[in-house]
Amino acid sequence: MDNPAATGMKSKFRNHGRPSNSRSNSMRSGRNVSRENGNSSGATGGVISPINEHTNEHTDEQTPLLARHFKTSNGVYLWEDDARPFIKWPAYFGLKVQQTLTSNYVNVFLVFVPLGIVSGAVGWSPAATFILNFLAIIPLASLLSFATEELSAKLGQTLGGLLNATFGNAVELIVSIVALKNNEIRIVQSSMLGSILSNILLVLGCCFLAGGIKYPQQRFNDVVASTMSSLMVVSTASLIIPATLYAVMKGTDANQDNNILILSHGTAVILLLLYVLYLLFQLRTHSDLFDAEGEAEQDGEPEEGRVLSPPAAGVALVLITVLVAVCAEYLVDSIDSIVQTAHISKTFIGLVLLPIVGNAAEHVTAVVVALKDKMDLAIGVAIGSSMQIALLVTPFLVILGWIMDKPMTLHFETFETVVFFLSVLITSYVIADGKSNYLEGAMLLGMYTIIALAFYVYPDDVKNSGLNLLSLLPGSSS
């Protein structure tokens with residue numbers, strides 16, 4: 001089980017699809033078989049088994065086919081049994097690459113990474129460039145999460161949690177920074193809102209529905225869920241207040257844009273401070289509330305061995321981040337042409353399509369965990385990731401826009417703010433009792449589908465109508 005400190009963040013558990021055998025298990029299996037056949041491990045030296053390796057009785061049947069090419073005939077890994085550097089290190093490197101690439105099923109889309117980069121570099125059609133880089137970022141997001149987890153596991157609870165907080169939503173952050181640099185404020189705002197909505201409605205709904213079909217009712221820690229949902233309500237207020245202030249200032253002599261910028265900058269600083277306090281709350285003062293290790297121990301599941309060493313994970317993290325940045329650059333540059341040719345709005349691209357890029361691997365993981373009746377971890381992915389976007393990534397982008405002299409604010413369009421408010425309100429009601437079933441999952445998925453349809457027909461040139469958003473709050477007489 002992964003570090004419990006990262007439960008409320010995006011990269012929280014081991015990705016599925018990794019080879020089932022660990023290094024120690026494979027070595028133990030190889031030694032046992034060789035003893036049974038009267039051969040010592042040194043008898044074969046570094047000799048590799050024949051091509052028809054599947055017929056070799058020394059091979060562990062549980063060993064993945066690709067991993068067998070890095071073993072000797074007695075089942076021992078080459079770097080353990082062969083001292084020759086030109087065999088030892090290439091074999092070690094090859095197996096680690098193989099284990100990394102098979103860490104998640106979505107990594108089959110890695111073939112689109114070179115295609116996407118080539119399409120942007122040589123100037124293929126905007127549609128081809130958008131689709132190829134869209135598909136390329138999906139596996140890169142999975143690998144980025146994998147490398148972050150591998151590195152954070154070696155750094156201890158506090159540093160590991162901070163690393164997950166930094167890189168947990170790295171794909172969304174990189175895409176948004178590229179869009180912000182190109183002055184695509186609508187793309188930045190809609191992608192942030194879309195990431196939140198896809199997690200609290202789509203991911204959580206899929207978890208509740210999938211788990212509810214298998215189990216009549218599932219339970220989770222309502223205290224943790226309540227804490228996260230309360231912080232989400234605070235982040236909702238940080239969007240409602242700027243929108244309401246903008247509506248109130250209409251018809252006055254006040255400089256609306258300047259005042260909204262001042263409010264957004266101050267609010268962003270406060271939200272970042274709240275997130276730091278939440279990390280302190282989660283990692284230090286109330287860490288027992290977020291401890292998910294006991295669940296794995298009760299189920300008797302052994303902790304999976306780590307694949308990458310800290311230096312290797314750090315190098316992988318840098319390389320994958322660079323590839324994500326390159327693909328994101330080509331992806332964002334092609335958006336304007338896609339809007340004109342496909343006749344869909346930038347808001348729909350940012351709110352519905354782009355969140356799929358960064359969250360696909362995480363969605364699969366959350367649903368698989370829910371099917372195992374580990375709802376605390378599923379809630380940690382869905383609500384925790386949304387909270388991280390709302391309290392960390394979005395305020396950071398506002399501050400970054402301030403530094404870059406870009407008009408990035410927390411003033412979202414009225415319709416978007418209302419949708420955000422209603423989504424958080426519904427999610428808070430659903431998770432308040434600490435229980436879930438398939439009907440609640442269907443309600444969340446239905447809500448997300450309605451929102452997606454609404455934004456599909458939502459035009460980019462809509463202006464604020466001056467709606468007083470305070471009238472939406474409970475107990476308001478207006």
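For the structure, check the block above.
Since the model is a prediction, treat every value here as computed from it, not as a measurement. (Residues numbered from 1 in each chain as written. Predicted model: local features only at pLDDT ≥ 70, side-chain atom pairs only at ≥ 80, totals over all residues. Heavy atoms only, no water.)

**Some words on the overall build of the chain**
And then number 1: The number of helices and strands found in the chain is 18 helices and two strands.
And then number 2: Taking all 478 residues of the chain together, 53% fall into the buried category.
And then number 3: Counted over contacts in the chain with a minimum sequence separation of 6, partners at least 24 positions apart contribute 82%.
And then number 4: For the chain, the accessible area works out to roughly 20600 Å², and carbon and sulfur atoms hold 64% of it. (Helix = DSSP H or I, 4+ residues; strand = E, 2+ residues; numbered from the N terminus. Buried < 20%, exposed > 50% of the residue type's maximum accessible area, 1.4 Å probe, protein only. Contact = heavy atoms within 4.5 Å. Areas by Shrake-Rupley, 256 points an atom, 1.4 Å probe, with all protein chains shown as cover.)

**Digging into empty space enclosed by the protein**
And then number 1: By the definition in use, this model includes seven cavities of 30 Å³ or more.
And then number 2: Taken as a whole, the second largest cavity holds about 90 Å³ of empty space.
And then number 3: For the second largest cavity, the lining is made up of 13 residues, of which Ile-196, Leu-239, Ala-390, Thr-394 and Phe-420 are closest to its centre.
And then number 4: Within the lining of the second largest cavity, the residues separate by chemical class into ten nonpolar, three polar and no charged. (1 Å grid on protein atoms, 1.4 Å probe; cavity = no way out; pocket = protein on both sides within 12 Å on 5 of 7 lines; lining within 4 Å. Points joined across faces, edges and corners; volume = space filled by probe spheres on them. Nonpolar A, V, L, I, M, F, W, Y, C, P; charged D, E, K, R; others polar.)

**Describing the side chain of Ser-176**
And then number 1: By the element assignment, Ser-176 lies in helix H8 (residues 170-181).
And then number 2: Beyond its immediate stretch of four places on either side in the chain, Ser-176 contacts Val-188, Ser-191, Met-192 and Leu-397.

**Overview of the state of the cysteines**
And then number 1: By the definition in use, this model includes zero disulfides.
And then number 2: Lacking any disulfide linkage, Cys-207 is separated from the closest cysteine sulfur, that of Cys-206, by 7.1 Å.
And then number 3: Accessibility expressed as a relative area gives 0% for Cys-207, which makes it buried. (Disulfide = S-S within 2.5 Å.)

**Re the packing of aromatic side chains**
And then number 1: Enumeration according to the criterion identifies eight aromatic pairs in this entry.
And then number 2: Centroid distance Phe-415 to Phe-455: 5.1 Å. Interplanar angle 55°. Geometry classified as tilted. Here Phe-415, found in helix H17 (residues 414-431), pairs with Phe-455, found in helix H18 (residues 438-456); they are 40 residues apart in sequence, far enough to count as distant.
And then number 3: On the accessibility criterion, Phe-415 (32% relative accessible area) is partly exposed.
And then number 4: Exposure remark for Phe-455: the relative accessible area of 0% places this residue in the buried category.
And then number 5: Among the aromatic side chains, those forming a connected cluster through ring pairs are Phe-415, Phe-455 and Tyr-458. (Phe/Tyr/Trp six-rings, centres within 6.5 Å; stacked < 30°, edge-to-face > 60°.)

**Some thoughts on the packing of helix H5 (residues 112-122) against helix H13 (residues 310-333)**
And then number 1: At a closest axis distance of 9 Å, the pairing of H5 and H13 adopts a crossing angle of 50°. Considering the angle they form, H5 stands oblique to H13. Once H5 is placed against H13, the crossing between them reads as left-handed. Contacts from Gly-116, Ile-117, Gly-120 and Ala-121 in H5 reach Leu-323, Val-326, Cys-327 and Tyr-330 in H13. (Axes fitted to C-alpha atoms, helices over the stretch in contact; angles between N-to-C directions. Parallel < 35°, antiparallel > 145°, perpendicular 65-115°, else oblique. Left-handed = near helix turned anticlockwise from the far one by under 90°.)

**Comments concerning helix H10 (residues 222-248)**
And then number 1: Between the first and last C-alpha of H10 there are 38 Å, a value that for 27 residues agrees with the 39 Å anticipated at 1.5 Å per step.
And then number 2: In this structure Asn-221 caps H10, since a side-chain oxygen of it lies 3.0 Å from the backbone nitrogen of Val-223. (Expected span 1.5 Å × (residues − 1). Polar contact = N/O pair within 3.5 Å; in protein donor to acceptor, adjacent residues only side chain to side chain.)

**A few points about the pattern of salt bridges**
And then number 1: If you walk through the whole model with that rule in mind, you get four salt bridges.
And then number 2: Residue Glu-329 pairs with Lys-181 through a salt bridge whose shortest N-O separation is 3.6 Å. Taken together, the residues span a long stretch of sequence, with Glu-329 in helix H13 and Lys-181 in helix H8 at a distance of 148 residues.
And then number 3: Salt-bridge contacts for Glu-184 lead to Lys-346; the nearest nitrogen and oxygen are separated by 3.0 Å. One end of the pair, Glu-184, is in the loop between H8 and helix H9 (185-214); the other, Lys-346, is in helix H15 (residues 346-371), with 162 residues separating them in the sequence.
And then number 4: Through salt bridges with shared partners, a single ionic network connects Glu-184, Asp-336 and Lys-346. (Salt bridge = Lys/Arg side-chain N within 4 Å of Asp/Glu carboxyl O.)

**A closer look at H5**
And then number 1: Turning to H5, its buried residues are Val-113, Gly-116 and Ser-119. In a view along the axis of H5, the buried residues occupy a sector of 135°, so they form one face of it. When the buried face of H5 is taken as reference, the exposed residues oriented beyond 90 degrees from it are Ala-121 and Val-122.
And then number 2: Residues of H5 that are buried in the fold lie against helix H6 (126-152) and H13.
And then number 3: At the C-terminal side of H5, Gly-123 shows a positive phi close to 85°. (Arc of directions from axis to C-beta.)

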